[in-house]
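What the coordinates show
Residues per chain are reported as follows:
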Amino acid sequence: MLGSGIIKGMVETARNFFGSYVSRERLTTVQYPEQQLAPHENARTIPLLVYDGDMEHLRCTACGICEMECPAQCIYIVKDTVKKSDYLGRMQFQPRVFDIDISVCMACGICAEVCPFDSIMMDQVFALSTQNRFSGLLLHKEDLAKANGYFHAIHPSDAGDIDARRDEDKRKAEAKAKAAVAAKAAAAIKSSEASAKQVEVAA
Ligand code: SF4
Ligand code: SF4
């Protein structure tokens, strides 16, 4: 029936309105800003950049994929000139500049989807009004950078999965490095034994 959806919505609103006098379950609003509800885990607003330990260890490698894929073209990255060691000991660039114009960002989350380094994720901050609509809404690397602990607090499931995957990567990298050292040592022993045999034959 035409308009049945509107009627259903109004009935639900009326149930909540009258029901809220007798049941807390029906009290769907709070006295904002004095009272605030915690956002749902999958709520998202603007992007953030995760770092491990301190700000010097941003996960971002300035690869530029998010900048290229952002439909609003509101990400601006300048790669640094020096490399730093990442969590697997590989030397990687980091961004010298990483800006996001949040007056244009539409919170689509595509940047977080395409990032191959688990670096850019979606924040849940929402009280972002400012009196300066230009510089006040242009967020820099220092504004966007958030500790992994913060990421865990807002998206515990995703952060836990990512940590588990990174721990497994670390374990594999360490095992590979150990195997390489052992292989090198075995090759050195073999070559010294071969040299000793040659000396014996010559004598
Ligand atoms: S946030 Fe991710 S996709 Fe964007 S530049 Fe950094 S590493 Fe690349
Ligand atoms: S959330 Fe969407 S619009 Fe905002 S920076 Fe990421 S890709 Fe761009």
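Residues numbered from 1 in each chain as written. Chains lettered and ligands numbered in written order. Predicted model: local features only at pLDDT ≥ 70, side-chain atom pairs only at ≥ 80, totals over all residues.

1. Remarks on the sheet that holds strand 2 (residues 75-85)
Strand order in the open sheet made by the 3 strands is 2-3-5, with antiparallel pairing throughout. Of all strands in the sheet, those bounded by a partner on one side alone are strand 2 and strand 5 (138-139). As defined by bridge partners, strand 3 (residues 91-101) adjoins strand 5 across 2 bridges and the pair is classed as antiparallel. Bridge pairing in strand 5 places I100 opposite L139. (Pairing = 2+ DSSP bridges. Helix = DSSP H or I, 4+ residues; strand = E, 2+ residues; numbered from the N terminus.)

2. Here we look at the nonpolar core
Among the nonpolar cores identified, the biggest contains 24 residues, and L49, I100 and I120 are the most heavily contacted of them. Mapped by element, the contributors of at least two residues to this core are strand 1 (47-51), strand 3, strand 4 (120-122) and helix 5 (148-154). Not counting residues up to four positions away in its chain, the partners in contact with I120 are P47, L49, C60, C66, C111, A112 and C115. (Core = buried A, V, L, I, M, F, W, Y, C linked by C-beta atoms within 7 Å. Buried ≥ 20, exposed ≤ 12 C-beta atoms within 10 Å, placed from the backbone. Contact = placed C-beta atoms within 7 Å.)

3. Section: the sheet that holds strand 4
As summarised here, the arrangement of the 3 strands in space is 4-1-6, forming an open sheet in which the pairing is mixed. Only two strands of the sheet have a single neighbouring strand rather than two, namely strand 4 and strand 6 (145-147). Ignoring which end each strand starts from, the neighbouring axes of this sheet average 50° apart. Here strand 1 runs beside strand 6; their pairing, made up of 3 bridges, is parallel. Note on strand 6: the bridge partner recorded for L49 is A145. (Axes fitted to C-alpha atoms, helices over the stretch in contact; angles between N-to-C directions.)

4. Observations concerning helix 6 (residues 156-202)
Between the first and last C-alpha of helix 6 there are 69 Å, a value that for 47 residues agrees with the 69 Å anticipated at 1.5 Å per step. Within helix 6, only 0 of the 47 residues are buried, which leaves the element largely exposed. (Expected span 1.5 Å × (residues − 1).)

5. Some remarks on the environment of H57
Mapped onto the fold, H57 is located in the loop between strand 1 and helix 2 (65-69). Sequence separation between H57 and Q94 is 37 residues, and the spatial gap between their C-alpha atoms is 8.6 Å. Non-local contacts of H57, meaning those with residues more than four positions away in its chain, are made with Y51 and D52.

6. Observations regarding the domain arrangement of the chain
When the parts of a complex come together, some accessible area is lost, and that lost area is often used as the size of the interface. Along its sequence, the chain is carved into domain 1 (1-37) and domain 2 (47-163). Placing a centre on the C-alpha atoms of domain 1 and another on those of domain 2 gives a separation of 37 Å. (Domains from an automatic or database assignment.)

7. Quick look at the pairing of strand 1
The side chains of a regular strand alternate, first on one face of the sheet and then on the other. Buried residues dominate strand 1, accounting for 5 of its 5 residues. Of the two faces of strand 1, the one lined by P47, L49 and Y51 and the one lined by L48 and V50 are each fully buried.

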